[in-house]
Structures are given as C-alpha cells and as structure tokens.
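Observations on the model geometry
Here is what each chain is made of, one letter per residue.
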Amino acid sequence: LVARSCTMPELARDEQQNSSASAHAAEATDGKPRSRWSSHTTFLLASIGSAIGFGNVWRFPMMAYSYGGGAFMLPYLIALFFAAIPMVVLEFALGQRLQRGHVALVAHIAPRWEGLGWATVVGTFLSAQYYQTLLAYCLVYLVNAFRDPQPWAVEEAARSLSESSSSLDGAEASSGLQPGSGEAGGETEA
C-alpha cells in the first residue's frame, strides 16, 4: 500500500465537496448525522472551559513563582500567542471546514499520520484522568470545609500538641530532669 498525501488543490476540492452538503445535515464517515452545538454561546463556553483549566488557575502561579515571576511572563506570552493560540485556531478551523473528528481529520490530511490522531486521543484521555483526580481532591476539601470541626484543623491541633510535648520531653532530658521528679540526676531520696 502506498500512502498518498493531499496537496492543497486536492484539499480545496475535498472541502468544496464537503461544504456542498447541507450545513445542518453534515454526515460523518459512517453515514450518521454529526451532532452540532446548539448555539454559538455553548461552543464559546466549551472552548473557554477547555482552554482555561487547572493549568492556568492552579499551576501557572506556582510556575511563575518558581521560574522568576515577571521574567517567566515573557516566554509564556510568546509561546501563548505564537504557538498555542494559532494551533487552537487551526484545529477549530480544520474541524469546522472538514466536519470530521480528530482522527479522521488527520487521516484525511495525511493517511500515514492517522496514528498521530489516535495518540492525541489517548493523550487527552490520560490527561483527563489526571484532572479527574485533582477535581476529586477539590471536591473532598469543599465538602470537608463545611464540617465542624474541620478535619485539617483537628489534625493541626493534634500535631502542634505532640510537637510541643516532644520538645518539652527533649528539654527535660537535656537538663537531666526526669519527667515528674523535679530533681536533677534522676535520683530520688529514700
């Protein structure tokens, strides 16, 4: 089998054939109608939700602090505007124009790169597992925030108490006093 790659005129011809179908009755490769977003607002909110996630809210401040604060912002903004945003716009434009899923889209552009499409699906699945765990931790802390007393407050008080008692034991041992005797050397009068 010889894999063929699409040239730009072939891609344009295929796009014209795809766009000739009704906009509301676009069909997937298996002949079933493709689902559509109910409105532009839901698409916009879903796109924003996928772009602004834990990475920007939870991880970004830590990364900025660790790698130089304001000096970290310049490479971040350069990567954002010259790599991330253009790739997202390209992915949306190709998906809208060709009306295909990611794997079929990559296979349509270059058939021997279909594995790359599947790799992105697997990568997305694995990153979703990671975020599911983080969301579970957030949910546990949210639920426990309404308990009285809060579990982390009780644990912190117990830890402080044990640390203070162990430091007192250490001070008595270094002074030569036995706990409770009040005498140096540990000898008792008979």
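Going by the structure above, here's the rest.
All of these numbers come straight from a predicted model, not from anything done at the bench.

1. A closer look at the overall build of the protein
Along its length, the protein carries 7 helices and 0 strands. When the helices and strands of the protein are placed in sequence order, the string is α-α-α-α-α-α-α. Buried residues in the protein amount to 12% of all 190 residues. Considering only residue pairs separated by 6 or more positions, the protein has 35% of its internal contacts joining residues 24 or more positions apart. Looking at the protein as shown, the accessible area adds up to about 14900 Å², and 65% of this sits on carbon and sulfur atoms.

2. Side note on the packing of aromatic side chains
In total, this model carries 2 aromatic pairs according to the counting rule given. Ring centres 5.3 Å apart and planes at 65 degrees place the aromatic pair phenylalanine 43 and phenylalanine 92 in the edge-to-face group. Linking phenylalanine 43 in helix α2 (residues 40-51) with phenylalanine 92 in helix α4 (residues 70-98), this pair joins segments that are 49 residues apart in sequence. What makes phenylalanine 92 partly exposed here is its relative accessible area of 37%.

3. Brief notes about the packing of α4 against helix α5 (residues 102-109)
At a minimum axis distance of 11 Å, the contact between α4 and α5 shows a crossing angle of 85 degrees. Accordingly, the angle class assigned to the pair α4 and α5 is roughly perpendicular. From α4, Glu91, Leu94, Gly95 and Leu98 reach across to α5, where they touch His102, Leu105, His108 and Ile109. Residue composition of the contact of α4 with α5, grouped by class: 4 nonpolar, 3 polar and 1 charged.

4. Focus on a nonpolar patch on the surface
Residues Met73, Leu74, Leu77, Ile78, Phe81, Phe82, Ile85 and Val89 make up a contiguous nonpolar surface patch of about 780 Å² in total accessible area. Relative to the elements of secondary structure, isoleucine 78 occurs in helix α4.

5. Looking at unusual backbone geometry
Phi angles above zero are rare outside glycine, and glutamine 99 is one such case at about 55 degrees. Within the secondary structure layout, glutamine 99 lies in the loop between α4 and α5.

6. A look at the packing of α5 against helix α6 (residues 114-144)
For the pair α5 and α6, the least separation of the axes is 7 Å and the interaxial angle reads 160 degrees. Taken together, the axes of α5 and α6 lie roughly antiparallel to each other. Note on packing geometry: the crossing formed by α5 with α6 is right-handed. Side by side, α5 and α6 meet where His102, Val103, Val106 and Ala107 of the first sit next to Glu114, Gly117, Trp118, Thr120 and Val121 of the second. Residue composition of the contact of α5 with α6, by class: 5 nonpolar, 3 polar and 1 charged.

7. Some details on the layout of surface pockets
Estimated volume of the second largest pocket: approximately 350 Å³. Lining of the second largest pocket is provided by 13 residues; of these, Met87, Leu90, Leu94, His102 and Val106 occupy positions nearest its centre. Residue assignment for the lining of the second largest pocket shows that the elements contributing at least two residues are α4, α5 and α6. Ranked by the residues each element gives to the lining of the second largest pocket, the list is headed by α4, at 5 residues. Looking at the lining of the second largest pocket, its residues break down into 10 nonpolar, 2 polar and 1 charged.

8. Considerations on the environment of glutamate 91
Relative to the helices and strands, glutamate 91 resides in helix α4. On the basis of relative accessible area, glutamate 91 is assigned to the partly exposed category, the value being 42%. Each C-alpha atom, one on glutamate 91 and one on leucine 105, is 9.5 Å from the other, the two residues being 14 residues apart in sequence.

The rules behind each value
Residue numbering note: each chain is counted from 1, following its sequence as written. Residues qualify for local features only when their pLDDT is at least 70, as the model is predicted, and side-chain atom pairs are given and counted only at 80 or more; totals for whole chains, interfaces and linings, by contrast, use all residues. Side-chain descriptors were evaluated using all non-hydrogen atoms of the structure, hydrogens and water having been removed beforehand. Secondary structure follows DSSP: runs of H or I at least 4 residues long count as helices, runs of E at least 2 residues long count as strands, and numbering of each begins at the N terminus. For every residue, the accessible area (1.4 Å probe, protein chains only) is compared with the maximum for its type, and the residue is labelled buried under 20%, exposed over 50%, or partly exposed between those bounds. A contact between two residues is defined here by any heavy atoms of the two lying within 4.5 Å. Surface accessibility follows the Shrake-Rupley procedure with a 1.4 Å probe radius. Residue values consider only the protein chains on display as shielding. Here is the rule: rings of Phe, Tyr and Trp (six-membered ring for Trp) pair when centre to centre is within 6.5 Å. Planes less than 30 degrees apart are stacked, more than 60 are edge-to-face, and the remainder are tilted. Here, axes are lines fitted to C-alpha atoms. For helices the fit covers the stretch in contact, and angles between N-to-C directions go from 0 to 180 degrees. For this classification, under 35 degrees means roughly parallel, over 145 means roughly antiparallel, 65 to 115 means roughly perpendicular, and everything else is oblique. Amino acids outside the nonpolar list (Ala, Val, Leu, Ile, Met, Phe, Trp, Tyr, Cys, Pro) and the charged list (Asp, Glu, Lys, Arg) are all regarded as polar, and Gly is one of them. What makes a patch is a set of residues exposed beyond 30% relative accessible area and free of salt bridges, joined within 9 Å when like-charged and within 5 Å when nonpolar (Val, Leu, Ile, Met, Phe, Trp, Tyr). Note on definitions: salt bridges are taken to be side-chain nitrogens of Lys or Arg within 4 Å of carboxyl oxygens of Asp or Glu. The hand of a helix crossing depends on one turn: near helix anticlockwise from the far one by less than a right angle means left-handed, and clockwise means right-handed. In the cavity and pocket records, a cavity denotes points on a 1 Å grid over the protein atoms alone where a 1.4 Å probe fits but cannot get out, a pocket denotes an open set with protein on both sides within 12 Å along at least 5 of 7 lines, and lining residues are residues with an atom within 4 Å of a point. Grid points are joined across faces, edges and corners, and a volume is the space filled by probe spheres set on the points.

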